[in-house]
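# Structure assessment
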Amino acid sequence: MTGPARRTQQIARHFSALSMSRFSVQLAPWRAALVSHLEAMDSPTFVLSSLRREHGADTTPSAQWTADAATFSPRARTVVYRGMWATLGLNPRNPAPRNPSVYQTDLLTITTDVRMEKVAEMFPRPSNPSAGEAEILPSCAGGPVEGVIWAAEAKTQWRIRGRVYMIGPDIESDAAQPVRQALSAYMRRPQAGNTSTAADADAWGWAKELTAHFGNLSPVMRGSFRNPPPGTPLSSAPGPGLGLGQKVEDLHDEIARDNFRVLILVPEQVDQVDLSDPEHGRRWRHDLITKDDAAAWTTTELWP
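The following paragraphs examine the structure supplied in this document.

We now examine the overall build of the chain. When helices and strands are counted, the chain shows nine helices and nine strands. Split into buried and exposed, the 304 residues of the chain put 45% on the buried side. Taking as baseline every contact in the chain between residues at least 6 positions apart, the subset at least 24 positions apart corresponds to 70%. Of the roughly 15,200 Å² of accessible surface on the chain, a fraction of 52% belongs to carbon and sulfur atoms.

So, in C-alpha cells, the structure goes:
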C-alpha cells in the first residue's frame, strides 16, 4: 500500500462505520432549508475554518488530527458553495457530460487549487516523503472543519461541523477506494420521484462527476488553475504554461486539471439559528448519530 493510501485509511477511521457496504445515511432534516437559503444568495459564499499544524509538531500520520490542541492554530477562508456532491445543478453553459440523476447527498462541495495553503492546512502530508510524494496530493480524507453561513435573506445562520475529503484525478484508482467507500454511504437513491434505473447507477462515475464540477466553472475560472503557484513571491518566474488571465476551454487541460480539486464537507453536526422574527428567535442542533449499520439525524431545539 502506498503512503497516501495508508494515510487516508488511518484518518478515515473517524468514519470506520461508514466503510461498511450496508451502511446508509438518512436524509438530513436540515438539507432542504439550507439548499434553498444558499440558492437564494447572490453569491453563495461562506467561511470555512480548519486547524493548521504548527512547525515542529508531531507530523506522523497517526498524530495528524489527534495531538494536543496546543500544536494547532486556526485558519479561516471565504469559499464558494458549488452544490451538493452528486447532485450538481443544471448549467446550460457547462460543456461537460453529466452523470445520470441517481443520487442525493447532504455533502457540500467547494473547488480549490491543490497548490493553495488551505489544502496543506486541511489534509495530511507525509512526514518523510519519498521523491515526488509530497506533490501527489491524492484523493484522501482530511481533518475537522467548520463552515459558517449567514443567509441574509432568510436571516438564518448555519454552523456546519464535520470532516473534509478531497477528490482528485486519481479518484477511480485502487488507492482512492477508501474515499469512495466512505462517501458512498452518503449517496442514497431517493424513493420519491426517482426514475433512475440500475443501469443509471452503473453508469454513474466519480471521475465524470469531477469533470462536471470543472466544466461548471467559467473558462476564466478554469484558467485560474493555470496561474502561477498561489502565495509564491512575485519575483519567482512562473513555470511553463503558467500565467494570469488565461481562459481554458478544454475540459481535460493537463495543467489545469492537475491542479483542480473538489473538496467535500461531511457534516456531523449542524447548528441552525433562525432570526427572521426578532422577538422570537429559534435555534436547532442537528446531530448525526451512527448505530449498527445505519445513521440518522436527531434534532434538538435550543434557546437561541
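What follows concerns the pattern of salt bridges. Evaluation of the coordinates by the stated rule reveals twelve salt bridges. Here Glu121 and Arg77 are joined by a salt bridge, their closest N and O atoms 2.3 Å apart. Taken as a pair, Glu121 in helix 3 (residues 117-122) and Arg77 in strand 3 (residues 72-80) lie far apart in primary sequence, 44 residues in all. Taking relative accessible area as the criterion, Arg77 reaches 13% and is therefore assigned buried. Each of the salt bridges in this network shares a partner with another, and the network as a whole consists of Arg52, Arg75, Arg77 and Glu121.

On to the nonpolar core. Counting residues in hydrophobic clusters, the biggest one holds 63 residues, and the most contacted among them are Leu34, Trp85, Leu108, Ile149, Ile167, Leu183 and Ile264. Sorting elements by how many residues they give to this core places strand 7 (residues 260-274) first, with seven residues. For Ile264, the residues in contact, after removing those within four places along its chain, are Trp85, Leu107, Leu108, Thr109, Arg163, Val164, Tyr165, Ile167 and Leu183.

Another aspect to go through is the packing of aromatic side chains. Scanning all chains against the criterion turns up eight aromatic pairs. Geometrically, the ring pair formed by Phe214 and Phe260 is edge-to-face, given 5.1 Å between the ring centres and 65° between the ring planes. Residue Phe214 is located in helix 7 (residues 206-215), and its partner Phe260 is located in strand 7; the two are separated by 46 residues in the primary sequence. Classification of Phe214 as buried rests on a relative accessible area of 0%. Residues Phe225 and Phe260 carry aromatic rings whose centres are separated by 5.2 Å and whose planes lie at 85° to one another, so their mutual orientation is edge-to-face. Of this pair, Phe225 sits in the loop between helix 8 (219-223) and helix 9 (254-259) while Phe260 sits in strand 7, and the two are 35 residues apart along the sequence. Cluster of aromatic residues (ring-pair linked, three or more members): Trp85, Tyr103, Trp204 and Trp206.

As a further point, take the side chain of Thr109. Here Thr109 shows up in strand 4 (residues 108-113). By relative accessible area, Thr109 is classed as buried at 0%. A polar contact of 2.7 Å, which involves the side chain of Thr109, links it to the backbone oxygen of Gly83. Ignoring anything within four residues of it in the chain, the contact list for Thr109 reads Val80, Tyr81, Arg82, Gly83, Met84, Trp85, His213, Val262, Leu263 and Ile264.

Our focus in this paragraph is the environment of Ala296. In this structure, Ala296 sits in strand 9 (residues 294-302). Separated by ten residues in sequence, Ala296 and His286 place their C-alpha atoms 10.0 Å apart. With near-sequence residues (within four places) excluded, Ala296 lies in contact with Gln26, Asp287, Leu288 and Ile289.

Buried residues dominate helix 7, accounting for eight of its ten residues. Among the residues of helix 7, Trp206, Glu209, Leu210, Thr211, Ala212, His213, Phe214 and Gly215 are the ones counted as buried.

Summarising the element assignment, Gly147 is placed in strand 5 (residues 140-151). Distance in space between the C-alpha atoms of Gly147 and Thr78 is 9.4 Å, their sequence separation being 69 residues. Those residues in contact with Gly147, other than ones at most four positions away along the chain, are Phe46, Val47, Leu48, Trp158, Arg159 and Ile160.

Conventions and cut-offs
- Residues numbered from 1 in each chain as written.
- Predicted model: local features only at pLDDT ≥ 70, side-chain atom pairs only at ≥ 80, totals over all residues.
- Heavy atoms only, no water.
- Helix = DSSP H or I, 4+ residues; strand = E, 2+ residues; numbered from the N terminus.
- Buried < 20%, exposed > 50% of the residue type's maximum accessible area, 1.4 Å probe, protein only.
- Contact = heavy atoms within 4.5 Å.
- Areas by Shrake-Rupley, 256 points an atom, 1.4 Å probe, with all protein chains shown as cover.
- Salt bridge = Lys/Arg side-chain N within 4 Å of Asp/Glu carboxyl O.
- Core = buried A, V, L, I, M, F, W, Y, C linked by side-chain atoms within 4.5 Å.
- Phe/Tyr/Trp six-rings, centres within 6.5 Å; stacked < 30°, edge-to-face > 60°.
- Polar contact = N/O pair within 3.5 Å; in protein donor to acceptor, adjacent residues only side chain to side chain.

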